[in-house]
Amino acid sequence: MNVKSLLIMNSALEQLISKKSEPMPLVAVVMGSDSDLITLQPAIEVLNKFNLEVEVRILSAHRTPEEMVDFAKNAESRGLKIIIAGAGGAAHLPGMIASLTTLPVIGVPVQSKSLSGVDSMHSILQMPGGVPVATVAIGGGLNAGLLAASILGTYDLEIRKEVANFREIMHEEVVSKDKKIIKIGPKSYLAQM
Ligand code: RP5
């Protein structure tokens with residue numbers, strides 16, 4: 001074997017090792033269409049802020065059902081712990097994924113154009129007994145990310161600390177707004193908003 005082939009083999013081996021040692025994300029954020037991304041992005045961002053990698057996929061229950069089944073069936077064995085699934089309109093994605101895995105699924109109803117997301121919410125909420133989907137508010141991407149972190153935090157102290165810290169910051173922000181409105185009054189407060 002010449003030096004060149006040895007170098008190629010070495011670099012391939014290094015790539016394999018570095019790929020293997022990359023931690024598998026614990027959370028997946030999946031959406032029925034790329035038009036849902038704007039709703040799901042706050043979930044991805046808050047999880048990243050808590051130092052959690054997120055697997056992000058576009059999988060449609062109607063347009064790419066086989067890919068959705070493949071993802072859901074293999075999610076657990078690939079190391080995922082929680083799936084956040086967002087969809088709008090006839091929003092079957094969260095429920096279908098929940099029917100194919102025992103991992104917890106958090107559904108995010110995406111605001112639809114024609115029915116403002118009430119259609120999405122009912123599609124995700126009204127699961128039959130035996131196949132639960134934890135549903136957040138219409139457009140509730142942020143809460144979906146926070147709920148996923150809280151669930152992971154039940155067995156990971158670092159994540160629990162991140163969630164507690166998030167709450168503390170939120171608390172301080174509201175306290176300081178309250179102090180300000182007491183000080184300057186609602187009229188000036190509004191003018192500064
Ligand atoms: C659903 O249809 C998607 O989840 C999306 O919210 C909605 C509209 O999809 P596009 O027409 O924008 O691709 O399946």
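The structure contained in this document is the topic of the report that follows. These numbers come from a predicted model, not from an experiment.

1. Focus on the nonpolar core
Alright, step 1. The biggest cluster of nonpolar side chains holds 25 residues, and the ones touching the most others in it are Val-29, Leu-40, Leu-47, Phe-50, Ile-84, Ile-106 and Ala-148.
Alright, step 2. If we skip the residues at most four places from it in the chain, Phe-50 touches Leu-146, Ala-149, Glu-162, Val-163 and Phe-166.

2. With respect to the site of the ligand
Alright, step 1. As a structural note, the neighbourhood of the ligand is formed by Gly-32, Ser-33, Ser-35, Asp-36, Arg-63, Ala-87 and Gly-88.
Alright, step 2. A distance of 2.6 Å is found between an oxygen atom of the ligand and a side-chain nitrogen or oxygen belonging to Ser-35.
Alright, step 3. Separating an oxygen atom of the ligand from a side-chain N or O atom of Arg-63 is a distance of 2.8 Å.
Alright, step 4. Starting from 370 Å² of accessible surface for the ligand in isolation, the protein chains cover 66%.
Alright, step 5. By residue class, the composition of the shell around the ligand is one nonpolar, four polar and two charged.

3. Things to note about helix α7 (residues 157-191)
Alright, step 1. The end-to-end C-alpha distance of α7, which contains 35 residues, comes to just 42 Å, noticeably less than the 51 Å that a straight helix rising 1.5 Å per residue would cover.
Alright, step 2. At Gly-185, α7 is bent by approximately 110°, the largest bend along its length, and proline Pro-186 sits one to four residues beyond.
Alright, step 3. Turning to α7, its buried residues number three or more, namely Ile-159, Val-163, Phe-166, Gly-185 and Tyr-189.
Alright, step 4. Against the buried residues of α7 lie α2 (37-49) and α6 (141-153).
Alright, step 5. The N-capping residue of α7, defined by a side-chain oxygen 3.0 Å from the backbone nitrogen of Glu-158, is Asp-156.

4. Looking at the pairing of strand β1 (residues 27-31)
Alright, step 1. Of all five residues making up β1, five are buried, and the element is well covered by its neighbours.
Alright, step 2. Burial along β1 is two-sided: the residues Val-27, Val-29 and Met-31 and Ala-28 and Val-30 are all buried.
Alright, step 3. Here β1 pairs with strand β2 (residues 54-58) via five bridges, running parallel. For Met-31, the partnering residue across the bridge sits in β2 and is Ile-58.
Alright, step 4. In terms of strand pairing, β1 meets strand β3 (residues 82-88) through five bridges, oriented parallel. By the bridge assignment, Val-30 is partnered in β3 with Ala-85.

Rules of the game
- Residues numbered from 1 in each chain as written.
- Predicted model: local features only at pLDDT ≥ 70, side-chain atom pairs only at ≥ 80, totals over all residues.
- Heavy atoms only, no water.
- Core = buried A, V, L, I, M, F, W, Y, C linked by side-chain atoms within 4.5 Å.
- Buried < 20%, exposed > 50% of the residue type's maximum accessible area, 1.4 Å probe, protein only.
- Contact = heavy atoms within 4.5 Å.
- Near = heavy atom within 4 Å.
- Polar contact = N/O pair within 3.5 Å; in protein donor to acceptor, adjacent residues only side chain to side chain.
- Areas by Shrake-Rupley, 256 points an atom, 1.4 Å probe, with all protein chains shown as cover.
- Nonpolar A, V, L, I, M, F, W, Y, C, P; charged D, E, K, R; others polar.
- Helix = DSSP H or I, 4+ residues; strand = E, 2+ residues; numbered from the N terminus.
- Expected span 1.5 Å × (residues − 1).
- Bend = angle between axes of the 7 residues up to and from the residue.
- Pairing = 2+ DSSP bridges.

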